[in-house]
Amino acid sequence: MKKIAFIGAGAMAEALVKGLIAAEQLPAEAIWLTNHANEARLQELHSEYGVSITRSRTELLRDAAVIILSMKPKDAEAAMLYLKEAKLKPGQIVVSVLAGIHTSFLEKYLPEGQPVVRVMPNTSATILEAATAVAAGVAAGSYEMRLVSSLFETVGTAVQVEEEAMDAVTAISGSGPAYLYYMMEALEEASIQVGLDAFIGKQLLIQTFKGVAKMLEQSDLTPAQLRANITSAGGTTAAGIGVLEEQGVKAAVQACVHAAATRSKEMGQAFTK
Ligand SMILES: NC(=O)c1ccc[n+]([C@@H]2O[C@H](COP(=O)([O-])OP(=O)(O)OC[C@H]3O[C@@H](n4cnc5c(N)ncnc54)[C@H](OP(=O)(O)O)[C@@H]3O)[C@@H](O)[C@H]2O)c1
């Protein structure tokens, strides 16, 4: 690939820049960025990563194989008007990381047949551990999907889904880190309540989370089976799990995911066809 252009140079753009450079997918100078107005931010990214920065739309978009929209959803319309006036070449792929914005909304501003791909990474992209889902717009085929998936694999893992699944993806992996931080917060507080030093409790919990994630990745067993295997009748784990069941924690977690999916759908309605 010759060149990638980012419109928007915030946290998500920086995470992707880091990943692309670490994966040696293309030279740093082939990554181009622009933003709305913050010149100091562009200079900072240039000094830190050696990427190219510009205020010229022609320079930004010329020969860009992929154009990544990485502004906040509220700024999408302005960015699409900017792209509409640019008259993209056929085959230049427009990739959106914008939460809640349907590809049909973006396609309205582009020539018919311009490939659009929607992705939903999560915040762990900043440490190259994102879980990303990738969905095709009407004109994106298997070539475009493979290319975009491989870009997002530089910041973690990427799976391809139908666009209808994006609200569910947002509710699971998009918001998921916050649910797990919430669980970690509760466990940290509890570890102090039962007498552990805060630092030691945190170290033990971090490794426990890592170990559980790795076990799930490497094992053929389901989470329910793994849990059953370490819960002996009358033991300490059974005592703890019994309280979670009494207090309806599983139902609360499921209600949390449903609420997030519903909110994602509502937020997207402003930006559908
Ligand atoms: N951060 C995450 O973990 C995460 C996860 C999933 C999806 N996302 C999605 O990623 C997108 C970006 O999030 P972020 O956290 O990176 O936002 P951010 O840090 O606030 O950065 C937004 C960037 O967009 C630029 N911008 C605004 N309007 C523009 C315009 N009209 N033309 C060009 N650039 C413009 C801003 O430029 P100025 O600074 O000059 O105003 C800034 O560089 C969001 O849509 C979000 O839904 C983020």
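Residues numbered from 1 in each chain as written. Predicted model: local features only at pLDDT ≥ 70, side-chain atom pairs only at ≥ 80, totals over all residues. Heavy atoms only, no water.

What's the story with the sheet that holds strand β2 (residues 31-34) in this structure? I'm lost.
Note on sheets: strands pair through backbone hydrogen bonds, and any given pair is parallel or antiparallel. The strand order across the open sheet formed by eight strands is β3-β2-β1-β4-β5-β6-β7-β8, and the pairing between neighbours is mixed. Single-partner strands in this sheet number two, and they are β3 (52-53) and β8 (156-160). Inspection of the sheet shows strand β6 (residues 116-120) paired to strand β7 (residues 130-136) by four bridges, in the antiparallel sense. Note on β7: the bridge partner recorded for Val119 is Val134. (Pairing = 2+ DSSP bridges. Helix = DSSP H or I, 4+ residues; strand = E, 2+ residues; numbered from the N terminus.)

Teacher, can you tell me more about the site of the ligand here?
With respect to spatial proximity, 23 residues lie near the ligand, and among them Ala9, Met12, Ala37, Asn38 and Met71 are the closest. For the ligand, an oxygen atom lies 3.4 Å from a polar atom in the backbone of Gly10. Between the ligand and the protein, one listed contact pairs an oxygen atom with a backbone N or O atom of Asn38 at 2.8 Å. When the free accessible area of the ligand is taken as 910 Å², the share hidden by the protein chains comes to 77%. Taken together, the residues of the shell around the ligand break down into 13 nonpolar, eight polar and two charged. (Near = heavy atom within 4 Å. Polar contact = N/O pair within 3.5 Å; in protein donor to acceptor, adjacent residues only side chain to side chain. Areas by Shrake-Rupley, 256 points an atom, 1.4 Å probe, with all protein chains shown as cover. Nonpolar A, V, L, I, M, F, W, Y, C, P; charged D, E, K, R; others polar.)

Help me out: how do you make sense of the environment of Gly268 in this one?
Inspection of the secondary structure puts Gly268 in helix α12 (residues 249-269). Separated by 150 residues in sequence, Gly268 and Arg118 place their C-alpha atoms 13 Å apart.

Honestly, the domain arrangement of the chain in this entry has me stumped. Any pointers?
Quite often, the size of an interface is put as the accessible area lost when its parts meet. By domain assignment, the chain separates into domain 1 (4-165) and domain 2 (176-267). A C-alpha centroid distance of 34 Å is found between domain 1 and domain 2. (Domains from an automatic or database assignment.)

Whenever I open this one, the pairing of strand β4 (residues 66-69) confuses me. Can you help?
Side-chain direction in a regular strand flips from residue to residue, so the side chains alternate between the two faces of the sheet. Of the two faces of β4, the one carrying Val66 and Ile68 and the one carrying Ile67 and Leu69 are both buried. Here strand β1 (residues 4-7) pairs with β4 via four bridges, running parallel. The residue bridging Ala5 from the neighbouring strand is Ile67, located in β4. Handedness of the crossover is the feature at issue here: the chain leaves β4, passes through helix α4 (residues 76-86), returns alongside strand β5 (residues 93-96), and the resulting connection is right-handed. (Buried < 20%, exposed > 50% of the residue type's maximum accessible area, 1.4 Å probe, protein only. Right-handed = clockwise from strand over helix to strand, strands pointing away.)

Help me out: how do you make sense of the UniProt feature "binding site: NADP(+)" (unreviewed entry) in the chain in this one?
Summarizing the sequence annotation, UniProt attributes the feature "binding site: NADP(+)" (unreviewed entry) to Ile7, Gly8, Ala9, Gly10, Ala11 and Met12 in the numbering used throughout. Its location among the elements puts Gly8 in the loop between β1 and α1 (11-22). Contact partners of Gly8, with chain neighbours within four places excluded, come to Ala13, Leu33, Thr34, Asn35, Ser70 and Met71. By the secondary structure assignment, Ala11 is in helix α1. Judged by its relative accessible area of 59%, Ala11 falls in the exposed class. (UniProt positions renumbered as here; feature names shortened; annotations may be inferred. Contact = heavy atoms within 4.5 Å.)

Help me understand the packing of helix α8 (residues 176-193) against helix α9 (residues 198-218) in this model?
It is the contact of α8 with α9, at a shortest axis distance of 9 Å, that shows an interaxial angle of 140 degrees. One finds that α8 runs oblique with respect to α9. As for how α8 packs across α9, the hand of that crossing is right-handed. The segment α8 lies against α9, with Leu180, Met183, Met184, Leu187, Glu188, Ser191 and Ile192 engaging Ala198, Gly201, Lys202, Leu205, Ile206 and Phe209. Among the residues forming the contact of α8 with α9, the class breakdown is nine nonpolar, two polar and two charged. (Axes fitted to C-alpha atoms, helices over the stretch in contact; angles between N-to-C directions. Parallel < 35°, antiparallel > 145°, perpendicular 65-115°, else oblique. Left-handed = near helix turned anticlockwise from the far one by under 90°.)

Even after reading the chapter, I still don't get a nonpolar patch on the surface, so can you show me in this structure?
Taken together, Leu196, Phe199, Ile200 and Leu204 make up a surface patch of nonpolar side chains, about 390 Å² in accessible area. Along the chain, the position of Ile200 falls in helix α9. (Patch = residues over 30% accessible without salt bridge, like charges linked within 9 Å, V, L, I, M, F, W, Y side chains within 5 Å. Salt bridge = Lys/Arg side-chain N within 4 Å of Asp/Glu carboxyl O.)

Sorry, what's going on with the packing of α1 against helix α2 (residues 39-49) here?
Pairs of packed helices are described in terms of their axes, by the angle between the two and the distance that separates them. Running from amino to carboxyl end, α1 crosses α2 at an angle of 15 degrees, the nearest separation of the two axes being 12 Å. With respect to α2, the element α1 is oriented roughly parallel. For the element pair α1 and α2, the recorded crossing hand is right-handed. Residues Ala11, Glu14, Val17, Lys18 and Ile21 of α1 pack against Arg41, Leu45 and Tyr49 of α2. Broken down by class, the residue content of the contact of α1 with α2 amounts to five nonpolar, no polar and three charged.

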